[in-house]
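# Overview (structure and organization)
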Amino acid sequence: KRASGNNAGGGDDGCWVGLHAWSAQMMFAQAMVVHSMGREWRLPPEVSYEALPDAYKSILSVFADRPDAPLSIHNIARAGEEVGK
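## Looking at the overall build of the chain
Per the secondary structure count, the chain includes three helices and zero strands. Along its sequence from the N terminus, the chain presents helices and strands in the succession α-α-α. Put simply, the chain has 85 residues, and 21% of those count as buried. Taking all contacts inside the chain whose residues are at least 6 apart in sequence as the whole, residues at least 24 apart take part in 29%. Accessible area for the chain stands at about 6,500 Å²; split by element, carbon and sulfur atoms hold 58% of it.

In structure tokens:
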């Protein structure tokens, strides 16, 4: 199959849309971490969720895979569908 547009593999366009949404979600999350935690902050290895800083847990909650998480991948996809994307 001949490649066209962003669909270089010729597969399902929905896969590419999902990949773009996921990539945007991850970049936004990273921006929130840098803004809230500072550029030098790193996730400590093998740390329990309870031991994470509250600011980091707050960021995670915005992106969680739950209906009440405003920036969950499902809510991002739903918002795209509502505007015809």
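## A closer look at the nonpolar core
In terms of nonpolar packing, the biggest core is built from eight residues, these being Ala29, Val33, Met37, Leu52, Tyr56, Ile59, Val62 and Phe63. When residues of this core are traced back to their parent elements, those giving at least two are α1 (13-37) and α2 (54-63). With four residues, α2 is the single largest residue contributor to this core. Those residues in contact with Val62 that sit more than four places away from it in its chain are Ala69, Pro70, Leu71 and Ser72.

## Considerations on a nonpolar patch on the surface
There is a patch of nonpolar side chains on the surface, built from Leu19, Trp22 and Met26 and spanning about 300 Å² of accessible area. Within the secondary structure, Met26 is located in helix α1. Judged by its relative accessible area of 43%, Met26 falls in the partly exposed class.

## A short note on the side chain of Gln25
Here Gln25 lies in helix α1. When sequence neighbours within four positions are dropped, the list of residues in contact with Gln25 reads Phe63, Leu71, Ser72, Ile73 and Ile76.

## As for the packing of aromatic side chains
Within this structure, the stated rule accounts for two aromatic pairs. Between the aromatic rings of Trp41 and Tyr56, the centroid separation amounts to 4.9 Å while the plane-to-plane angle is 40°, which identifies the pairing as tilted. Remark: Tyr56 occurs in helix α2 and Trp41 occurs in the loop between α1 and α2; sequence separation between them is 15 residues. In this arrangement the basic side chain of Lys57 is found over the ring face of Tyr49, its NZ or CZ atom lying 5.3 Å from the centre.

## Describing unusual backbone geometry
A positive phi angle, close to 50°, is found at Glu46, a residue other than glycine. For Glu46, the location among the structural elements is in the loop between α1 and α2. Glu46 sits in the exposed class, given a relative accessible area of 85%.

## Digging into the confidence of the model for the chain
Looking at the chain, pLDDT values average 82 and 78% of them are 70 or higher. Within the model, pLDDT remains below 50 along residues 1-7, and this stretch shows seven contacts once partners closer than five positions in the same chain are excluded.

Calculation criteria
- Residues numbered from 1 in each chain as written.
- Predicted model: local features only at pLDDT ≥ 70, side-chain atom pairs only at ≥ 80, totals over all residues.
- Heavy atoms only, no water.
- Helix = DSSP H or I, 4+ residues; strand = E, 2+ residues; numbered from the N terminus.
- Buried < 20%, exposed > 50% of the residue type's maximum accessible area, 1.4 Å probe, protein only.
- Contact = heavy atoms within 4.5 Å.
- Areas by Shrake-Rupley, 256 points an atom, 1.4 Å probe, with all protein chains shown as cover.
- Core = buried A, V, L, I, M, F, W, Y, C linked by side-chain atoms within 4.5 Å.
- Patch = residues over 30% accessible without salt bridge, like charges linked within 9 Å, V, L, I, M, F, W, Y side chains within 5 Å.
- Salt bridge = Lys/Arg side-chain N within 4 Å of Asp/Glu carboxyl O.
- Phe/Tyr/Trp six-rings, centres within 6.5 Å; stacked < 30°, edge-to-face > 60°.
- Lys NZ or Arg CZ within 6 Å of the ring centre and 35° of its normal.
- pLDDT = per-residue confidence, 0-100.

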